[in-house]
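# Breakdown of the fold
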Amino acid sequence: MASSERSALLTYRLCGGSGEEERGRERARGRAAAASRKLPTFLGVVVPTLLSMFSVVLFLRLGFVVGHAGLYQALAMFAVAYFIIGMTVLSVCAIATNGALDAGGAYYMISRALGPEFGGSIGIMFFLANVCGSALYVLGLVEAVVDSFGIPPGQKVGAGVHVLPQSYWYELLYGTVLLALCLLVCLVGASIYAKATFLIFLIVAGVLGTILVSFFATQPIGVPIRLPYFNGSETENGSFTGFSLATLRDNLGGGYGVDYTTGQMMSFSSVFAVMFNGCTGIMAGSNMSGDLKRPSYSIPRGTISAVLFTYLIYNLLAFLMCATCSRTLLQKDYGFLRDISIFPPLVTVGIYAATLSAAMSNLIGASRILYALARDDLFGRALVLAKKTSASGNPVMAVILSWLVVQLVLFSGKLNTIAGVVTTFFLLVYATVNLACLALEWASAPNFRPTFRYFTWHTCLLGIAGCCVMMFLISPVSASASLGFLLLLLLALHYLSPSSTWGYISQALIFHQVRKYLLMLDVRKDHVKFWRPQMLLMVQNPRGSARLIDFVNDLKKSGLYVLGHVELQDLDTLPSDPLQPQQDSWLSLVDKLNVKAFVSLTLAPSVRHGVRQLLFTSGLGGMRPNTLVLGFYDDAAPQDGLARHPAFTSAREEVPLGFPPLRAPAAPKLLSAREYVGIVADALKMLRNVLLARQLESLDKAWELRRAASPPPAIHVWPVNLLRPDSARYADTCSLFLLQMACVLNMARAWRRAHLRLFLCVEAGAMPHAQEEKLRQLLKDLRIQAQIQLVPWDAVTRLHWQTPRGPPGGPAPIGAAEEEEEGSVNYPANATQVSDEYVCAANKLVLEQSPTPAVRFLYLPRPPADTSLYPLYLHQLELLTRGLGPTVLVHGVSAVTSTQL
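Since the model is a prediction, treat every value here as computed from it, not as a measurement.

The rules we used
- Residues numbered from 1 in each chain as written.
- Predicted model: local features only at pLDDT ≥ 70, side-chain atom pairs only at ≥ 80, totals over all residues.
- Heavy atoms only, no water.
- Buried < 20%, exposed > 50% of the residue type's maximum accessible area, 1.4 Å probe, protein only.
- Helix = DSSP H or I, 4+ residues; strand = E, 2+ residues; numbered from the N terminus.
- Pairing = 2+ DSSP bridges.
- Right-handed = clockwise from strand over helix to strand, strands pointing away.
- Expected span 1.5 Å × (residues − 1).
- Axes fitted to C-alpha atoms, helices over the stretch in contact; angles between N-to-C directions.
- pLDDT = per-residue confidence, 0-100.
- Contact = heavy atoms within 4.5 Å.
- Phe/Tyr/Trp six-rings, centres within 6.5 Å; stacked < 30°, edge-to-face > 60°.
- Core = buried A, V, L, I, M, F, W, Y, C linked by side-chain atoms within 4.5 Å.
- Patch = residues over 30% accessible without salt bridge, like charges linked within 9 Å, V, L, I, M, F, W, Y side chains within 5 Å.
- Areas by Shrake-Rupley, 256 points an atom, 1.4 Å probe, with all protein chains shown as cover.
- Salt bridge = Lys/Arg side-chain N within 4 Å of Asp/Glu carboxyl O.
- Lys, Arg positive; Asp, Glu negative; His and termini not counted.
- Charge placed at Lys NZ, Arg CZ, Asp CG, Glu CD.
- Polar contact = N/O pair within 3.5 Å; in protein donor to acceptor, adjacent residues only side chain to side chain.
- Arc of directions from axis to C-beta.
- Disulfide = S-S within 2.5 Å.
- Parallel < 35°, antiparallel > 145°, perpendicular 65-115°, else oblique.
- Left-handed = near helix turned anticlockwise from the far one by under 90°.
- Nonpolar A, V, L, I, M, F, W, Y, C, P; charged D, E, K, R; others polar.

Turning next to the pairing of strand β6 (residues 561–568). Burial of β6 is extensive: seven of the eight residues sit out of reach of the surface. Where strand β5 (residues 535–538) lies against β6, four bridges are found, and the strand directions are parallel. Residue pairing in the sheet places Leu537 in a bridge with Leu563 of β6. Handedness of the crossover joining β5 and β6 through helix α21 (residues 546–555): right-handed. Sheet topology places β6 next to strand β7 (residues 598–604); seven bridges connect them, and they run parallel. Each residue of the ladder has a partner; that of Leu563, found in β7, is Val599. Regarding topology, helix α22 (residues 579–593) serves as the crossover connection from β6 to the parallel β7, and that connection is right-handed.

Our next topic: helix α6 (residues 116–149). Between the first and last C-alpha of α6 there are 48 Å, a value that for 34 residues agrees with the 50 Å anticipated at 1.5 Å per step. Of all the 34 residues making up α6, 29 are buried; the element is thus mostly covered by neighbouring parts of the structure.

Overall, mixed pairing links the ten strands, which are arranged β7-β6-β5-β8-β9-β14-β13-β10-β11-β12 in an open sheet. Each edge of the open sheet carries a strand with a single partner, namely β7 and β12 (787–792). Going from strand to strand, the sheet's axes swing by 25° on average, the running direction of each strand aside. One ladder, built from three bridges, connects β5 with strand β8 (residues 627–631); its direction is parallel. Among the inter-strand pairings, Leu537 is bridged to a residue of β8, identified as Val629.

Time to look at the confidence of the model for the protein chain. The pLDDT averaged across the protein chain works out to 81; a share of 86% of its residues lies at or above 70. Contacts from residues 805–829, a stretch scored under 50 in pLDDT, to residues over four places away or in other chains number 33 contacts.

This paragraph deals with the packing of aromatic side chains. Following the criterion strictly, the structure yields 25 aromatic pairs and no others. Ring centres of Phe54 and Phe309 lie 6.1 Å apart, and the angle between their planes is 65°; this geometry places the pair in the edge-to-face category. Placement of Phe54 in the loop between α3 (41–53) and α4 (56–96) and of Phe309 in helix α12 (residues 295–324) is noted, with a sequence separation of 255 residues between them. A relative accessible area of 4% means that Phe54 is categorised as buried. Overall, the relative accessible area of 39% leaves Phe309 in the partly exposed class.

Moving on, we get to the nonpolar core. Phe59, Ile85, Phe215, Leu337 and Tyr430 are the most contacted members of the largest nonpolar core, which totals 166 residues. A per-element tally of this core places α4 first, with 26 residues. The residues contacting Phe215, other than those within four sequence positions of it, are Phe240, Phe243, Leu317, Leu320, Met321, Thr324, Cys325, Leu337 and Ile340. Counting 112 residues, the second largest nonpolar core, distinct from the first, contains Val611, Leu614, Ala693 and Ile788.

Before going further, it helps to spend a moment on a nonpolar patch on the surface. Taken together, the side chains of Phe42, Phe198, Leu199 and Leu202 present a nonpolar region at the surface, about 360 Å² in accessible area. Sort the elements by how many residues they give to the nonpolar patch and helix α8 (residues 190–217) lands first, with three residues. Mapped onto the elements of the fold, Phe42 is located in helix α3. Its relative accessible area of 38% is what places Phe42 among the partly exposed residues.

Time to look at a positive patch on the surface. Where like charges cluster on the molecular surface, the positive patch consists of Arg532, Lys557, Lys596, Arg749 and Arg752. Given a relative accessible area of 67%, Lys596 falls into the exposed group.

This part is about the environment of Thr423. In this structure, Thr423 sits in helix α17 (residues 415–443). The exposure class assigned to Thr423 is buried, which follows from its relative accessible area of 0%. The contacts of Thr423, once residues within four sequence positions are left out, are Ala273, Phe276, Asn277 and Ile474. In terms of polar contacts, Thr423 uses its side chain to reach the backbone carbonyl oxygen of Ala273, at 2.7 Å.

Before going further, it helps to examine the side chain of Gln876. With respect to the element layout, Gln876 can be found in helix α32 (residues 870–881). A distance of 3.3 Å separates a polar side-chain atom of Gln876 from the backbone oxygen of Val834.

Now for the environment of Lys195. The topology assignment puts Lys195 in helix α8. Overall, Lys195 belongs to the exposed group, its relative accessible area being 57%. Separated by 152 residues in sequence, Lys195 and Leu43 place their C-alpha atoms 8.0 Å apart.

A few words now on helix α29 (residues 794–801). Buried residues of α29: Val796, Thr797 and His800, and no others. Along α29, the residues classed as buried sweep out an arc of 90° about the axis, all on the same side.

On to the pattern of salt bridges, then. Should their charged atoms come close, side chains of opposite charge can pair. One pass over the full model with this rule turns up eleven salt bridges. Between Lys669 and Asp635 there is a salt bridge, with the nearest N and O atoms lying 3.6 Å from each other. Within this pair, whereas Lys669 is found in the loop between α24 (641–644) and α25 (673–685), its partner Asp635 is found in the loop between β8 and α24, the two being separated by 34 residues in sequence.

With that out of the way, let us pick up the environment of Met470. If you trace the backbone, Met470 turns up in helix α18 (residues 457–474). Accessibility expressed as a relative area gives 7% for Met470, which makes it buried. Along the chain, Met470 and Thr423 lie 47 residues apart, while their C-alpha atoms are 9.4 Å from each other.

Across all of its chains, the model carries zero disulfides by this definition. Considering cysteine sulfurs only, Cys467 is the nearest to Cys468, which forms no disulfide, with 6.7 Å between them. With relative accessibility at 31%, the residue Cys468 sits in the partly exposed group.

Bringing the packing of α4 against α12 into the picture now. The N-to-C vectors of α4 and α12 enclose an angle of 165°; their axes lie 9 Å apart at closest approach. Accordingly, the angle class assigned to the pair α4 and α12 is roughly antiparallel. As for the relative orientation of α4 and α12, their crossing is left-handed in sense. Of the residues assigned to the contact of α4 with α12, the class counts are 25 nonpolar, five polar and no charged.

Written out as structure tokens, the structure reads:
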């Protein structure tokens, strides 16, 4: 007992408990990967994050950003970019400190927070973002290599170190070779990657220090810039002026020009798209979550430290560049830092090291995300190859697959070409991370207790808004396409992915909202205009009630629908609650039959006590059943309709639901006739409407409603109390309720082709046309379209009047019907005054009305006050409905019709 209580806490993962299967997989994976979890905060988070952010933008594009945008706009870009990533970092830290993290980084956070649909779709988007990011850094590295060792434009033969040919295919070849080098490092594993990145970090730190010193130590110089021009080249002169107030003034404002690598005119959004790639490395540490010693400790501290440091460095370098370099140098020479350095070779090495490290970081991040997606089986066999790992736990196949996709992206050719796409992908991922944190905060789940508390729902909302605005400002086409692709992935995963045990944030949010609106649903404000049926259908065994369950689902009209079941056992004699194991079977039944119903099960010593319990306790607040539906009590042998139901008759489906076999025809019933009528009487005392459904299992709704025969299917309505002809009325509460239920069924989508036929029983000399006109006017006032058919029943009522009156009670007193409808307990003892001959005649009258309808609605009289007459009452109902096919006996106590607006 104690171990089962502790298991949910011990296996708690991020935002909820894992299921048994996932716990088994976690334990097996944990033993295999324990040795790989050895990276500390600095090596595992700070270094990868700094190297991802200090890469192409710092060394090759920061001058481009400042040269086109000017100092003021560049600082504004940094502020906007770091505001967005700052809000995102707060959300990442909150989610990362709310439980144990595993491999997958942002994907793992989002999938465990928002569920498999969002997690899987955002995982793919984040995988693509890392893939494109890796390609971007490789292309930046190719650009730097060609700039250092490429044959100058317009020359066929190089001199000195300038020996590398320049063309699209040659640059693709260089990129392929460099990417292969990244692949080799990543195949060895995260440990060698961390060691390599630390070495690169030391080099980059040294280069950065050299650059900062160079702004102060280098004397003013002119820098010739050779630019490609058609088939040749032209030379422009840039200048490093040293610290100059005039240079600073020239560079304060924007001066957007043409990008010399793509020939496109630059703007604020296009420059921001390039600049933002220097801020997308914030997830580099999160991507290594599966290799960190303490992910929940390392990710917040390492990521925040790295982000603050890079923000300071970017702003400092932007100011130094604006104060010392001419705009021509900044715009036309992406490698100018090497030209002004006190030791140019070191800058070259730094550029190569930083961009190579960033490319590896994105490649290994993409492979970890792909491995996590494959391990979670969200895409079935499509990613089965990515599950394969080395003996040390390194996902080698995921690395190889990621490398192939990066290789495809390299065909784009230029860094600035894919910068907008990469930025759009990352902004979309960051928006979703903020959305995940916002959803967890708004759901107010008790288990959302992150140790990092420096966030609110306001920061999440600001992060989402900032990401979305900038995404559409940069590239409306890319943003729209990305959102469309994300939506397709969401829909595909929603319908095709297997169910998970991670927990669905949608369920927590729905609970939060439903509780709020249930509290607002005030029963004191109920009005008849907005009445709707709220059904409690009592089911003994679903195997014999499949079509009845489906029929009542059509009858509920967007109201509450509860499937009730009474288990005849005593909890005092049992070791545990026997209803808990049954709950899943009932919920699976609801899913299979595609009905919108709740399930309410109870234990009771008798069926009558159980139904009372359900009538008292089912529902919540203003959503409580107002109508009880029972199957009819007769001697018909139960039929297994579940086995014949279309939901269970496909070749792949069996009936695995844990319901017992149906009762044998000769076996005793669990319910006596007296108890059955007592249930009806109890419901009426509790002011619940009652429906008794007979032979609904013979109703083939699909055949009735889709047959091409003419006339269309009909619904016959008999709003007169056939067992009480001396008090027959068409406008009492019960008759109007019966008429409303038939109309509700006709309004259901599946029954709209059916026609309502209302039968008006008339006697000779009773002015039938006047009665018909009065009833027609009533239907018009109620906006009910129905055909009225006059039925002479003198021959039937004659049998009633000729029947000798029995001793109990004599003739019904005047006003008995009115007392009946107002809920008086002095029920008229009418059961003994109706002969079997009369009831059989009434049955024949109903049966003779052609064509045969799909279903009939009949008036259900109240049970007699004398409980000894319950068997006689039930016998009369059986005679009345014998052979009629699908029939619903209705007794209403609620005023449900309105002629008001």
